[in-house]
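Given next are the chains, with one letter for each unit.
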Amino acid sequence: MAGRAKDNGNHVGLAPPDEPVRAAYMRDFYSWLMDQARHVREGQWNAVDRENLAEEIESLGREQFNKLESALRVLLLHILKWDHQPSRRSRSWAISIRQQRLELEDVLTDNPGLKSRIAEALARAYRKARLQAIKETRLKETRFPEKSPYSFDEIETRKFER
């Protein structure tokens, strides 16, 4: 619910007939969504709350980008730990990397339009993965490069076996 104020629970049910469509968005998000879907399906374009609906659609797009970033972050964290703690490598770690690659693959299969934003997601994900790796490994911050040393191709295809 991008930018919506929380419902305080005092208003329940349908909007009064004279209530502006945008007020329904703030009062009862679920009912507003169902109304908007109905309006779109029925081609009732004058009844559509265009501004809020567009904002919600954009919010859904941001959620998909965040899924990409999250999948990359977890994958990069595993790779950083693998590279910086060779004595702790295990079959379980290798399987975790494979699992996270599947997550990444699923996000990109479901959202091919995100492929153009991989570099941006990778840079954002690496910053977070680096800090998490520093915390989890307890190694000095200087051991981890500030920028990702891994290309997207390497993240997807490098072999990790134990």
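Residues numbered from 1 in each chain as written. Predicted model: local features only at pLDDT ≥ 70, side-chain atom pairs only at ≥ 80, totals over all residues. Heavy atoms only, no water.

## So, the confidence of the model for the protein chain
- When pLDDT is averaged across the protein chain, the result is 89; 86% of the residues are at 70 or more.
- The lowest-confidence element of the protein chain is helix α1 (residues 21-27), averaging 75 in pLDDT; the highest-confidence one is helix α5 (residues 118-137), averaging 98.
- The model gives residues 5-16 a pLDDT under 50, and that stretch makes eight contacts with residues more than four places away or in other chains. (pLDDT = per-residue confidence, 0-100. Helix = DSSP H or I, 4+ residues; strand = E, 2+ residues; numbered from the N terminus. Contact = heavy atoms within 4.5 Å.)

## Some words on the pattern of salt bridges
- Scanning all chains against the criterion turns up 10 salt bridges.
- A salt bridge links E42 to R38; the nearest nitrogen and oxygen atoms lie 4.0 Å apart.
- With a closest N to O distance of 3.7 Å, E120 and R124 form a salt bridge. Highlighted residues: E120 and R124, both in helix α5, separated by four residues, approximately one helical turn.
- Members of the salt-bridge network, linked through shared partners, are E69, R117, E120, R124 and K128. (Salt bridge = Lys/Arg side-chain N within 4 Å of Asp/Glu carboxyl O.)

## Re the packing of aromatic side chains
- In this structure the tally under the stated criterion is four aromatic pairs.
- Aromatic pair Y25 and W32: ring centres 4.6 Å apart, planes at 70 degrees, arrangement edge-to-face.
- Under the relative-accessibility criterion, W32 is labelled buried at 1%.
- Both rings, one in W82 and one in F160, keep their centres 5.5 Å apart while their planes meet at 90 degrees; by these two values the pair is edge-to-face. Placement of the pair is W82 in helix α3 (residues 50-84) and F160 in the segment after α6 (152-157), with a sequence separation of 78 residues.
- Classification of W82 by relative accessible area gives buried; the value is 4%.
- Following the ring pairs from residue to residue traces out a cluster consisting of Y25, F29 and W32.
- The residue whose ring lies beneath R117 is F65, and the NZ or CZ to ring-centre distance is 3.9 Å. (Phe/Tyr/Trp six-rings, centres within 6.5 Å; stacked < 30°, edge-to-face > 60°. Buried < 20%, exposed > 50% of the residue type's maximum accessible area, 1.4 Å probe, protein only. Lys NZ or Arg CZ within 6 Å of the ring centre and 35° of its normal.)

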